[in-house]
Amino acid sequence: MPTSFEEIEERLRLAEGFMATAVIPPNATEGEVRNAVSRAYYGLMHICHSWLAMNNVPQGRRRGHGEVQEEIGKQCGEEFKARLRDIYRLREDADYRPQMFTSRPYFADIAKFRAVVSTRIASARAEFDSYANEVKQFLESK
Amino acid sequence: MTTTELEKIINDRLGAAGLLPLLDRTRSQLLGFPEGVFVELVLTDASKLRQVENTLNQIRTELAQEGTQIDSIVRALWRVKSVEYQGPARAPTGEPKLALAFRAVLESGQQACEVVVELHVLALNELRKKMGKASKVGSFSWSEIDDVDRGTLESVAAQFLTLQLLAGGTSYWDPIRFGHQELNEPAMMYLLARTAAFRALETLINDTLDPDPRNLLLQEFLTSLSNARIKIRDFEYAISCLPAVFGGPYGPGQELMTSPSGAYAKLDGKEKELIKAHFLQRVTQLEQSLPALKDKFPMVFAR
């Protein structure tokens, strides 16, 4: 098991890597849009781990997705937890529910799918940045 | 526990608290999954969100003790009240961004909130191409002179917000929680591909013909067609019976839709053909998904 400092760095690197690939090209297919949601969520999830490690929350208290959300709620507030949960739900839909694209609100309209989901990813990226900036400042101070 | 049983519990509790009239039944939904029930409650007044969330949390706690898991979204219907250009967008650090900032006011019942829309320069370039401002494509700045006019920019930002506010389910946008929206290239390309009237009519058709047996809009539409003795495939007549649930996010002066027929009248010839083809395709899908409807409404589905 890595030390906390190592974990902060490693999770940051992984998170940035995932977030960098969470893009929706102009001609993105349904699968590419779904992938982008998934990568954005995992980028956010790993930066949350990094941030929690920075704040000395042990790994044992943040094993699953729900536990990470709970710890973020305790450390940052319910609004942060709710935003993380919103993006988690979207990722669950993108990864597991085929009807996400063919039913409300998209009804297989790929341009609409790209338009709405890319905006949600932009919100996830802004959330990501708020954690990443703190983590980077912390690492630079060491 | 079935979704019907859970729906009754929720309705009873909201009714007892005087909150049931605020529930938009056409947009709310309950979906059963192996791991539990997903509940989406949509309110017409955001000032009551907390009360409804608290009620639902009580139900969730009680049912969890019995082994039923509930995941829920409680959201409100918002409309765009105003949009105003603010100037070049800036990061929290004060550094300029490659985007223009707009301040928008949204309303939902007794509550209002402010959000910021950032129109990214790549999205602005798409708009410039469409508006015949090719000489400005690639420019990182915007000015009142010889570029896309301010009114058009504000209108596009309002249409963008409308698009975001119409998305429900796991794709919903909570403007209180996420007060910042980025109008990027994919969103602009979607907005420029069709008129606002087309998008509004398409959304109404999709929602109405959504093959869900609990779809109240569908029941209302078919009953209306039956009463008027109109066949569903007689498109020009049938759309006059679509439920007039326009409104919601549409603000004053922003392509206000008062009726499906009114929206249809705004379309050009090509979009009229497209929307008709879309409608007929959705009717065919509806017949395949819910064949019992043909027995219940034989005249409506007669060829």
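These figures come from a predicted structure and were not determined experimentally.

Notes on the overall build of chain B
For chain B, the helix and strand inventory stands at 12 helices and seven strands. Taken over the C-alpha atoms alone, chain B extends approximately 60 × 50 × 35 Å along its principal axes. Sequence-distant contacts in chain B: of pairs separated by 6 or more residues, those separated by 24 or more amount to 60%. Accessible area for chain B stands at about 14,000 Å²; split by element, carbon and sulfur atoms hold 51% of it.

A word on the overall build of chain A
On a plain count of helices and strands, chain A comes out with six helices and zero strands. Whereas a compact globule of 142 residues would reach a radius of gyration of roughly 14 Å, chain A reaches 16 Å, a difference of no more than 12%. Counted over contacts in chain A with a minimum sequence separation of 6, partners at least 24 positions apart contribute 66%.

Here's the deal with helix α6 (residues 110–140) of chain A
Along its 31 residues, α6 of chain A runs 42 Å from first to last C-alpha, staying within 8% of the 45 Å computed at 1.5 Å per residue. Its side-chain oxygen placed 3.2 Å from the backbone nitrogen of A111 of chain A, D109 of chain A serves as the N-cap of α6 of chain A.

A word on the sheet that holds strand β2 (residues 36–43) of chain B
Residue and element names in this part refer to chain B. Here three strands make up an open sheet; going across it, the order is β1-β2-β3 and the pairing mixed. A strand with exactly one partner marks an edge of an open sheet, and here the two such strands are β1 (29–33) and β3 (70–76). Strand after strand, the sheet turns through a mean of 10 degrees between neighbouring axes, direction not considered. Where β1 meets β2, five bridges bridge the pair, whose relative direction is antiparallel. Each bridged residue has a counterpart across the sheet, and for G32 the counterpart in β2 is V37.

Description of the packing of helix α4 (residues 78–96) of chain A against α6 of chain A
Axis angle and axis distance: for two packed helices, these are the angle between their axes and the distance between the axes, and together they describe the pair. Residues and elements named next belong to chain A. Running from amino to carboxyl end, α4 crosses α6 at an angle of 135 degrees, the nearest separation of the two axes being 11 Å. As the angle between them shows, α4 and α6 are arranged oblique. In this structure, the crossing between α4 and α6 has a hand that is left-handed. Where α4 approaches α6, its residues F80, R83, I87 and L90 are matched on the opposing element by R120, A124, E127 and Y131. Here the residues of the contact of α4 with α6 are counted per class, giving five nonpolar, no polar and three charged.

Observations regarding the sheet that holds strand β7 (residues 180–183) of chain B
Residue and element names in this part refer to chain B. Strand order across the open sheet formed by four strands is β4-β5-β6-β7, with mixed pairing between neighbours. The open sheet has two edge strands with one neighbour each: β4 (79–90) and β7. Neighbour-to-neighbour, the strand axes of this sheet turn through a mean angle of 25 degrees, independent of strand direction.

Remarks on the packing of aromatic side chains
One pass over the full model with this rule turns up 11 aromatic pairs over all chains. For the pair W51 of chain A and Y131 of chain A, a centre-to-centre distance of 6.0 Å together with 75 degrees between the ring planes defines the contact as edge-to-face. Placement of W51 of chain A in helix α2 (residues 30–54) and of Y131 of chain A in helix α6 is noted, with a sequence separation of 80 residues between them. By the burial criterion, W51 of chain A is buried, and Y131 of chain A matches it. Note on F235 of chain B and Y264 of chain B: the rings are 5.4 Å apart at their centroids and 75 degrees apart in plane angle, and the pair reads as edge-to-face. Taken together, the residues F235 of chain B in helix α8 (residues 235–238) and Y264 of chain B in helix α9 (residues 260–265) connect sequence positions 29 residues apart. Just as F235 of chain B is buried, Y264 of chain B falls in that class too. A network of ring pairs unites the aromatic residues F221, F235, Y264 and F279 of chain B as a single cluster. In this arrangement the basic side chain of R83 of chain A is found over the ring face of F80 of chain A, its NZ or CZ atom lying 4.5 Å from the centre.

Quick word on the confidence of the model for chain B
For chain B, per-residue confidence averages 91 on the pLDDT scale, and residues scoring 70 or more make up 96% of the total. Scoring of the predicted complex yields 0.88 for pTM and 0.90 for ipTM.

Some points on the side chain of R114 of chain A
Relative to the elements of secondary structure, R114 of chain A occurs in helix α6. No salt bridge is formed by the buried R114 of chain A; its nearest oppositely charged neighbour, E32 of chain A, is found at 6.9 Å. At 3.2 Å, the side chain of R114 of chain A and the backbone oxygen of P26 of chain A are in polar contact. With residues up to four places along the chain from it excluded, the contact list for R114 of chain A reads I24, P25, P26, N27, A28 and V33 of chain A together with P186 of chain B.

Overview of the interface of chain B and chain A
Opposite the 33 residues of chain B that make contact, chain A presents 28 residues. Of all residues in chain B, T170, R177 and F178 of chain B bury the most surface against chain A, accounting for 24% of the area lost on that side. Counting every contact that joins chain B to chain A gives six salt bridges. Across the pair R177 of chain B and D86 of chain A runs a salt bridge whose closest N-O atoms are separated by 3.1 Å.

Quick word on the pairing of β3 of chain B
Successive side chains on a regular strand alternate, one facing one side of the sheet and the next facing the other. Burial of β3 of chain B is extensive: six of the seven residues sit out of reach of the surface. In the classification by handedness, the crossover that spans β2 of chain B, the intervening helix α2 (residues 49–65) of chain B and the parallel β3 of chain B is right-handed.

Concerning the side chain of E287 of chain B
Along the chain, E287 of chain B turns up in helix α10 (residues 269–289). Beyond its immediate sequence surroundings of up to four residues, E287 of chain B is in contact with R233, K294, F301 and R303 of chain B.

What counts and what doesn't
- Residues numbered from 1 in each chain as written.
- Chains lettered and ligands numbered in written order.
- Predicted model: local features only at pLDDT ≥ 70, side-chain atom pairs only at ≥ 80, totals over all residues.
- Heavy atoms only, no water.
- Helix = DSSP H or I, 4+ residues; strand = E, 2+ residues; numbered from the N terminus.
- Contact = heavy atoms within 4.5 Å.
- Areas by Shrake-Rupley, 256 points an atom, 1.4 Å probe, with all protein chains shown as cover.
- Rg over C-alpha atoms; globule rule 2.2 N^0.38 Å.
- Expected span 1.5 Å × (residues − 1).
- Polar contact = N/O pair within 3.5 Å; in protein donor to acceptor, adjacent residues only side chain to side chain.
- Pairing = 2+ DSSP bridges.
- Axes fitted to C-alpha atoms, helices over the stretch in contact; angles between N-to-C directions.
- Parallel < 35°, antiparallel > 145°, perpendicular 65-115°, else oblique.
- Left-handed = near helix turned anticlockwise from the far one by under 90°.
- Nonpolar A, V, L, I, M, F, W, Y, C, P; charged D, E, K, R; others polar.
- Phe/Tyr/Trp six-rings, centres within 6.5 Å; stacked < 30°, edge-to-face > 60°.
- Buried < 20%, exposed > 50% of the residue type's maximum accessible area, 1.4 Å probe, protein only.
- Lys NZ or Arg CZ within 6 Å of the ring centre and 35° of its normal.
- pLDDT = per-residue confidence, 0-100.
- Lys, Arg positive; Asp, Glu negative; His and termini not counted.
- Salt bridge = Lys/Arg side-chain N within 4 Å of Asp/Glu carboxyl O.
- Buried area = accessible area lost by both parts, 1.4 Å probe.
- Right-handed = clockwise from strand over helix to strand, strands pointing away.

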